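Understanding the architecture of this molecule
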Amino acid sequence: MGCCYSRVEREEIVSRCKARRRYMKELVKARQAFSVAHSMYIRSLRGTGSALLQFANGETNLHQNKHHLQNRLPLLPSPPLPPPTPPPLPPPPMSSSSDNWTSVTASPALPPPPPPPASSWDFWDPFAPSSSRSVTEEEWEATTVTTGSEVATANVAASVAAPPSVVSGYSKDSTSELAMVVSRNSKDLVEIIKELDEYFLKAADAGSHVSLLLEVSNFSLSTQKTTGKVYNCGKSLSPLWTRGSNSKSSGLGRLEAEVITVNGGGGALLTSSHSSTVERLYAWEKKLFEEVKNAESMKIEHKKRVTQLRKQEAKGSDYLKTEKNKKEIEKLESTLVVAAQAIETTAVEIIRLRESELYPQLLQLVNGLMFMWRSMYECHQVQMHIVEQLKFLNTTIVTADPTSEIHRQSTLQLELEVQQWHLAFCNLVQCQRDYIHSLTGWLRLSLFQFSHDPLINPKQNSGIYFLCEEWQLAVDRIPDKVASEGIKSLLTVIHAVVVKQAEEQKQKKKSEAAFKELEKKVVELRSLECKYGPVSMPETEIRSKQQDPVAEKRAKVEILRTKADEEKTKHEKLVTVTRAMTLNNLQMGLPNVFQAMTGFSNVCIHAFESVSNPPKTNEQGSDLKRLLP
């Protein structure tokens with residue numbers, strides 16, 4: 001039996017069906033992982049915006065909540081929201097000698113680092129300037145931002161050339177939003193971050209339609225059971241990313257207004273579930289594999305009996321044995337006819353599901369992704385101009401307010417949320433690649449027909465193959481590393497603030513301990529002074545017998561007082577360095593990340609436009625051949 005089974009497995013048709021079943025099994029898991037990754041990315045956008053806002057509130061509240069060095073704040077779950085908006089935070093310049101994190105910080109006089117090299121963007125250069133100056137750009141460059149009594153020209157010319165379809169599709173709304181963002185008077189840190197948070201919510205809402213297509217709400221238990229993976233968005237120090245969608249900025253209503261067409265038809269959401277379609281295809285592929293394997297086993301048995309019959313007839317064997325063998329052969333032939341019909345029925349059902357359900361769903365998914373990245377491009381582009389206002393914050397006024405425990409917790413939360421953003425982004429890109437690779441692998445093998453008829457009219461039946469082939473080529477070429485490094489660079493500068501805050505807290509404890517020890521020794525000195533007086537012995541007795549205990553204690557107190565003052569000075573210096581580093585790191589990290597995300601979104605728009613509108617070719621037959629393994 002084992003030998004026969006192994007022989008059946010080696011048959012080409014059986015091995016191809018087995019590979020088809022494997023690809024479809026992978027597709028079921030990949031679709032679920034893609035759904036989870038999409039959900040986590042949307043949540044990470046909301047979480048990052050919320051954490052930034054909480055962090056900015058905490059940083060600004062330091063101006064209003066002055067605490068004595070000895071006062072220890074209790075650990076609270078999260079700072080109160082919304083706090084009042086005090087004057088902007090302006091840390092002073094800091095020297096590199098007092099700060100070990102010079103690699104990730106910059107003095108206020110230093111300009112932000114240059115954008116990533118354009119060559120990193122592979123086949124598009126989203127950071128290249130436009131060949132001609134547009135009216136939009138001239139309006140942005142002419143806009144001024146008022147800082148106190150000074151008026152500085154805000155150079156906010158678009159650094160990413162928008163694709164033509166995007167410009168025509170959003171220029172009016174987005175231009176007015178950008179004009180509103182950059183034309184208002186100067187804002188403090190909280191006001192700037194509030195605007196960033198609004199566009200994080202809008203960017204998250206842009207993925208609503210894809211969430212419906214991927215059915216992200218149904219992943220929780222089924223994904224873990226099927227894939228064996230647990231997707232966790234990390235331990236949250238405060239419930240930041242549990243906020244719902246911003247109804248005012250929701251992109252779903254806008255998408256519903258833009259009717260998505262499938263093969264020229266109407267554009268409502270398909271009633272069939274994508275996950276259901278994929279799972280039914282997997283069930284049919286399993287059935288097909290078993291049917292083909294059984295049919296091939298019967299063919300092997302039939303061939304064996306036919307050979308045996310020929311030998312019997314040649315040797316003139318016993319008539320009864322020969323007739324019995326003939327009846328077995330006839331029975332096998334009848335069974336093979338039924339098996340072939342079953343195989344044909346299963347194959348036809350797979351083709352029907354593939355063409356009538358899967359193909360339209362894939363078209364909607366591609367269009368949904370194109371819309372999502374177009375909307376995210378708009379949001380990240382506005383955010384890129386919003387953070388330009390950070391450089392207009394006053395950086396000359398010194399603040400010596402120490403980091404509170406609440407603010408330290410909000411900084412840790414921000415670090416966690418940005419880390420989740422980075423992980424979610426990388427996971428989203430990889431899960432989409434796994435999804436389309438599994439799908440394309442299955443489609444290539446499903447070109448194989450089980451009947452003797454050749455492919456019928458490949459020009460009409462190859463649309464899904466071309467779609468997925470172009471999709472795979474597009475996602476393989478998307479340069480996601482630039483965007484990933486952009487998010488990671490923001491994480492790096494935030495981590496530097498976390499480290500510096502920890503140093504400040506450590507020095508605060510050392511200063512408090514020094515003053516506590518000083519207070520203890522002062523009490524002992526006062527006790528001795530009450531007992532012996534200011535001078536306990538005459539000078540002659542001191543020289544001849546022993547040291548004056550009051551003078552000795554007073555000397556120790558003075559040493560401790562000097563040490564406590566030194567520790568206090570170190571702490572105050574660290575407070576100043578932390579405040580300066582915080583603003584400098586935001587001024588450096590935020591423009592980089594939004595510039596990178598704007599460029600990535602722009603590339604995705606082009607990629608999905610090329611997938612949904614592939615170039616027409618007159619040699620579709622030859623193009624079809626390249627899909628074959």
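Each value, and the rule that gives it
- Residues numbered from 1 in each chain as written.
- Predicted model: local features only at pLDDT ≥ 70, side-chain atom pairs only at ≥ 80, totals over all residues.
- Heavy atoms only, no water.
- Helix = DSSP H or I, 4+ residues; strand = E, 2+ residues; numbered from the N terminus.
- Buried < 20%, exposed > 50% of the residue type's maximum accessible area, 1.4 Å probe, protein only.
- Contact = heavy atoms within 4.5 Å.
- Areas by Shrake-Rupley, 256 points an atom, 1.4 Å probe, with all protein chains shown as cover.
- Salt bridge = Lys/Arg side-chain N within 4 Å of Asp/Glu carboxyl O.
- Phe/Tyr/Trp six-rings, centres within 6.5 Å; stacked < 30°, edge-to-face > 60°.
- Core = buried A, V, L, I, M, F, W, Y, C linked by side-chain atoms within 4.5 Å.
- Expected span 1.5 Å × (residues − 1).
- 1 Å grid on protein atoms, 1.4 Å probe; cavity = no way out; pocket = protein on both sides within 12 Å on 5 of 7 lines; lining within 4 Å.
- Points joined across faces, edges and corners; volume = space filled by probe spheres on them.
- Nonpolar A, V, L, I, M, F, W, Y, C, P; charged D, E, K, R; others polar.
- Axes fitted to C-alpha atoms, helices over the stretch in contact; angles between N-to-C directions.
- Left-handed = near helix turned anticlockwise from the far one by under 90°.
- Polar contact = N/O pair within 3.5 Å; in protein donor to acceptor, adjacent residues only side chain to side chain.
- Patch = residues over 30% accessible without salt bridge, like charges linked within 9 Å, V, L, I, M, F, W, Y side chains within 5 Å.
- Lys, Arg positive; Asp, Glu negative; His and termini not counted.
- Charge placed at Lys NZ, Arg CZ, Asp CG, Glu CD.
- pLDDT = per-residue confidence, 0-100.
- Parallel < 35°, antiparallel > 145°, perpendicular 65-115°, else oblique.

This paragraph deals with the overall build of the protein chain. Within the protein chain, the secondary structure is distributed over 17 helices and two strands. A burial count over the protein chain gives 49% of its 629 residues as buried. Considering only residue pairs separated by 6 or more positions, the protein chain has 90% of its internal contacts joining residues 24 or more positions apart. In the structure as shown, the protein chain presents an accessible area of about 30,900 Å², 54% of it carried by carbon and sulfur atoms.

The subject of this paragraph is the environment of G589. Within the fold, G589 resides in helix α16 (residues 549-612). Spatially, the C-alpha atoms of G589 and V493 are 6.4 Å apart, while their sequence positions differ by 96 residues. Ignoring anything within four residues of it in the chain, the contact list for G589 reads L490 and V493.

Turning to the pattern of salt bridges, a few remarks are in order. Counted according to the given criterion, the structure contains 24 salt bridges. The closest approach of N and O atoms between E59 and R579, which form a salt bridge, is 2.8 Å. Residue E59 is located in helix α2 (residues 12-61), and its partner R579 is located in helix α16; the two are separated by 520 residues in the primary sequence. Take E59 and R579: they sit in the same class, and that class is buried. If you follow the salt bridges from partner to partner, you end up with E517, K521, E524 and K553 in one network.

Another aspect to go through is the packing of aromatic side chains. Taken as a whole, this structure holds eight aromatic pairs when the rule is applied. Aromatic pair Y41 and W373: ring centres 6.5 Å apart, planes at 45 degrees, arrangement tilted. Here the residue Y41 occupies a position in helix α2, and W373 occupies one in helix α10 (residues 319-386), the gap between them amounting to 332 residues. In this structure Y41 comes out as buried when scored by relative accessible area, which is 1%. Judged by relative accessible area, W373 falls into the buried class, the value being 4%.

It is worth spelling out the nonpolar core at this point. Of all hydrophobic cores here, the largest spans 110 residues; its most connected members are Y41, W373, L439, W471 and L590. With sequence-adjacent residues up to four places away left out, L590 is seen in contact with L52, I193, L196, V387, L390, L490 and N585. L518, L528, V550 and L560 belong to the second-largest nonpolar core, a separate cluster that totals ten residues.

The end-to-end C-alpha distance of helix α13 (residues 463-477), which contains 15 residues, comes to 21 Å, matching closely the 21 Å that a straight helix rising 1.5 Å per residue would cover. Residues of α13 that are buried: I464, Y465, F466, L467, C468, E469, W471, Q472, A474 and V475.

Turning next to empty space enclosed by the protein. For the coordinates displayed, the defined rule picks out six cavities of 30 Å³ or more. Counted as a void, the largest cavity has a volume near 130 Å³. Along the walls of the largest cavity sit 14 residues, with W373, L428, V429, Q432 and F600 positioned nearest its centre. Of all elements in the fold, only α10, α11 (405-445) and α16 reach the threshold of two or more residues within the lining of the largest cavity. With five residues, α11 is the largest single contributor of residues to the lining of the largest cavity. When the residues that make up the lining of the largest cavity are grouped by side-chain class, the tally is twelve nonpolar, one polar and one charged.

This brings us to the packing of α10 against α13. Helix-helix packing: each pair is described by the crossing angle between the helix axes and the interaxial distance. One way to put it is that α10 packs onto α13 with a least axis distance of 10 Å and a crossing angle of 35 degrees. Crossing angle aside, the handedness with which α10 passes α13 is left-handed. Between α10, through R354, E355, L358, Y359, L362, L363, L365, V366 and L369, and α13, the contact on the second element is made entirely by G463, I464, Y465, L467, C468 and W471. Of the residues that constitute the contact of α10 with α13, the class distribution is twelve nonpolar, one polar and two charged.

Under the 1.5 Å per step criterion, the end-to-end length of α2 is 71 Å for 50 residues, consistent within 8% with the ideal 74 Å. By the criterion of burial, α2 is predominantly enclosed, with 39 of the 50 residues buried.

Moving on, we come to the side chain of E405. Looking at the secondary structure, you find E405 in helix α11. Residue E405 is classed as buried on the basis of its relative accessible area of 15%. Side-chain polar atoms of E405 contact the side chain of R408, separated by 2.8 Å.

This paragraph deals with a positive patch on the surface. Residues K506, K510, K563 and K570 make up a contiguous surface patch of positive charge. Mapped onto the positive patch, the elements with two or more residues apiece are α14 (480-532) and α16. Relative to the helices and strands, K563 is located in helix α16. By relative accessible area, which is 45% here, K563 ends up partly exposed.

For the protein chain, per-residue confidence averages 73 on the pLDDT scale, and residues scoring 70 or more make up 63% of the total. Taken as a whole, residues 137-172 scores under 50 in pLDDT and shows 87 contacts with residues more than four places along the chain or in a different chain. Segment residues 218-270: pLDDT under 50, and 96 contacts once partners within four positions in sequence are set aside and those in other chains are kept.

It is worth spelling out the environment of N427 at this point. Locating N427 in the fold gives a position in helix α11. The spacing of N427 and Y41 is 386 residues in sequence and 8.5 Å in space, taken between C-alpha atoms.

What follows deals with the packing of α14 against α16. Axis separation between α14 and α16 bottoms out at 7 Å; the angle between their running directions is 165 degrees. It follows that α14 is roughly antiparallel to α16 by the angle criterion. Between α14 and α16 lies a crossing whose hand is left-handed. A per-class count over the contact of α14 with α16 returns 29 nonpolar, eleven polar and 18 charged.

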